[in-house]
Amino acid sequence: MAKVTVRIPTPLQKITGSKGQVDAEGNNVKDMFTNLEKQYPGIWERVYDEKNTLRRFINIYVNEEDIRFLDGENTALKDGDDISVIPAIAGG
Amino acid sequence: MSDFTEEQIHRYARHIILPEVGGIGQEKLLKAKVLALGAGGLGSPVLQYLAAAGVGTLGVIDFDVVDMSNLQRQVIHNADTVGELKVDSAKRFIEKLNPDIKVNAINGHLNSANAIDIIKDYDIVVDGSDNFPTRYLVNDACVFTNRPNVHGSIFRFEGQVTVFAPGDGPCYRCLYPEPPPPGMVPSCQEGGVLGVLPGVVGSLQAVEVIKLIIGKGEPLIGRLLLYDALKTEFRKLTLRKDKNCPVCGDEPTITELIDYEQFCGMPAIEV
Ligand SMILES: [Zn+2]
C-alpha cells in the first residue's frame, strides 16, 4: 500500500487530536479514508455522506489536483503523495 | 499622463515609476469601478488598499453597524465609529485617505432581487462576505453579468483566495457544487478568527484586483491559494472548470438567480 501524508483542515482536527497532518496508507483515495477511519474514528462521516459518496463541499486533492478531475475516490495513490482535504469556508 | 493633476502625480508617484503600472496603469486604476461585498474583515484591507491605489470608484455594500468586537480585525472602522453603519464608517475612512475616490455606500443586503442591478455598474467584484448564501448569490450574479469575482474566505488561521473569471476559468460552484449543511462548518463568530488573517487574505485580494485592472502578471484564475497562518505556509492547488457545473457548465440548469437561503438551508444573516 502507498504511504501518503494527509493534510487535515482545522474543522476536522478535533478528530485527529489537533494534528494538521497525519500519515496514512492506501492504494487509492477511498482505501486511504477506510484506513484512516480505523486510526481516527469519525473522519469517514465528515468526508463521506450517508450514501457513502464524497461530500460536495469538501474537495480532496492529490498533490495539486482535485480528484474529481482524476478518478474520483478511485484515484490511485503512490508513496509520498500529498493529500489535502479542503472544505468550503465562508468567513470574511 | 496629461490628465493627472499635480497632486495626483505626487500621490501616485511610486506607481507611476513602476514600469508595470506607469501613467497608463494609474489611469486605468482611476477609471476602474470595484464593488466590495462586505465592509468587514476582508472588506477593510480591500477598500483601504484599493482606495490608496486610486481605484476611482469603490462600491461597498453591508447591512451591519460597527461593533466593538469588530475592531480586532476590521481596521477600516475605529472606536469613534462604533454604532455607525459600516458603509458610512468605511466611506469616511476612504474619503480621508484619498479624495480622488468616489464611494458608493450601499446600506443593505445583496439579494436575488438587487444583485444583478448593483453588480452591473462595476468592473470587478470582491467577495468578502461571511456566509454561504451570499457566496453562491455573488457567484451566480457574477457569472450572469460576466464580472470577475475576486474571492477570499477565512476560518480561524486559514484563508482561501482565488479569482473566478467567467469564460476564463472555473466558478465557485465548479469548486464547491453544494454548500455544507447548516452547522457543519462553524462561522468566525462561533469559531473565532485571528485578527490579522483577514488583513493578509484581503490584501491578497486587493493585489489580484489591481492586476486585473492594469492587465499585468498572472491573475489567480484556476488556482486556489491556501494560506495557513500557524504554519506560515502558502500553497496553490489547481482548480478546473466543471463541465457539469449548473451555472457555467456545458448545459447550465441555473439560468437566473435563485433563493439562496433555501438553497443553503440557512439565512444569509448571521444572527
Ligand atoms: Zn462553474
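Throughout what follows, the structure given in this document is the object of discussion. (Residues numbered from 1 in each chain as written. Chains lettered and ligands numbered in written order. Predicted model: local features only at pLDDT ≥ 70, side-chain atom pairs only at ≥ 80, totals over all residues. Heavy atoms only, no water.)

## Points about the overall build of chain B
- Counting secondary structure elements, chain B contains eleven helices and eight strands.
- For 271 residues, the compact-globule estimate of 2.2 N^0.38 gives 18 Å, and chain B sits close to it at 18 Å.
- Summarising its shape, the C-alpha atoms of chain B cover approximately 55 × 45 × 40 Å along the three principal directions.
- Expressed as a percentage of its 271 residues, the buried residues of chain B come to 55%.
- As presented, chain B carries roughly 11800 Å² of accessible surface, and 53% of it is formed by carbon and sulfur atoms. (Helix = DSSP H or I, 4+ residues; strand = E, 2+ residues; numbered from the N terminus. Rg over C-alpha atoms; globule rule 2.2 N^0.38 Å. Buried < 20%, exposed > 50% of the residue type's maximum accessible area, 1.4 Å probe, protein only. Areas by Shrake-Rupley, 256 points an atom, 1.4 Å probe, with all protein chains shown as cover.)

## A closer look at the side chain of Arg73(B)
Residues and elements named next belong to chain B.
- Along the chain, Arg-73 falls in the loop between strand S2 (57-62) and helix H5 (86-97).
- Asp-130 is the oppositely charged side chain nearest to the buried, salt-bridge-free Arg-73, at an N-O distance of 7.3 Å.
- Excluding its chain neighbours within four sequence positions, the residues that come into contact with Arg-73 are Gly-41, Val-193, Gly-195 and Pro-198. (Lys, Arg positive; Asp, Glu negative; His and termini not counted. Salt bridge = Lys/Arg side-chain N within 4 Å of Asp/Glu carboxyl O. Contact = heavy atoms within 4.5 Å.)

## Quick word on the sheet that holds strand S3 (residues 58-62) of chain A
Residues and elements named next belong to chain A.
- Taken in spatial order, the five strands line up as S2-S1-S5-S3-S4 in an open sheet, and their pairing is mixed. For this open sheet the edge positions go to strand S2 (21-25) and strand S4 (65-66), each flanked by a neighbour on one side alone.
- Direction of pairing for S3 relative to S4: antiparallel, over a ladder of two bridges. Across the sheet, the residue bridging to Val-62 is Glu-65, located in S4.
- Lying over the sheet, helix H1 (residues 29-39) contacts strand S1 (3-7), S2, S3 and strand S5 (82-87), oriented at roughly 115° with respect to S2. (Pairing = 2+ DSSP bridges. Axes fitted to C-alpha atoms, helices over the stretch in contact; angles between N-to-C directions.)

## Description of the pattern of salt bridges
- Scanning the entire structure with this criterion turns up 18 salt bridges over all chains.
- With a closest N to O distance of 3.8 Å, Asp117(B) and Lys120(B) form a salt bridge.
- We classify Asp117(B) as partly exposed; its relative accessible area is 48%.
- A relative accessible area of 41% means that Lys120(B) is categorised as partly exposed.
- Between Arg235(B) and Glu233(B) there is a salt bridge whose closest N-O contact spans 3.8 Å.
- Via salt bridges that share partners, Arg7(A), Asp82(A), Glu233(B) and Arg235(B) belong to a single interconnected network.

## A closer look at the pairing of strand S5 (residues 149-155) of chain B
All names here are of chain B.
- With seven of seven residues buried, S5 lies mostly within the body of the structure.
- Of the two faces of S5, the one holding Asn-149, His-151, Ser-153 and Phe-155 and the one holding Val-150, Gly-152 and Ile-154 are both buried throughout.
- As defined by bridge partners, strand S4 (residues 124-127) adjoins S5 across three bridges and the pair is classed as parallel. Note that in S5 the partner of Val-125 across the bridge is Asn-149.
- Handedness of the crossover is the feature at issue here: the chain leaves S4, passes through helix H7 (residues 132-145), returns alongside S5, and the resulting connection is right-handed. (Right-handed = clockwise from strand over helix to strand, strands pointing away.)

## Here's the deal with the side chain of Asn98(B)
Residues and elements named next belong to chain B.
- Mapped onto the fold, Asn-98 is located in the loop between H5 and strand S3 (102-107).
- The exposure class of Asn-98 is buried, given its relative accessible area of 0%.
- Sequence-distant contacts of Asn-98, defined by excluding residues within four places in its chain, comprise Arg-11, Tyr-12, Ala-51, Ala-52 and Gly-54.

## So, the sheet that holds S2(B)
Residues and elements named next belong to chain B.
- Sheet architecture is open: eight strands sit in the order S3-S2-S1-S4-S5-S6-S7-S8, paired in mixed fashion. The outermost strands of the open sheet, each flanked by one partner alone, are S3 and strand S8 (233-238). Looking at each pair of strands side by side, their axes are set apart by 15° on average, direction ignored.
- As paired elements, S5 and strand S6 (residues 158-164) share seven bridges and run antiparallel to each other. Each bridged residue has a counterpart across the sheet, and for His-151 the counterpart in S6 is Thr-162.
- The strands touched by H7 within the sheet are strand S1 (33-37), S4 and S5, with S5 carrying the most contacts at an inclination of about 165°.

Keep in mind these numbers describe shape, not what the thing actually does.
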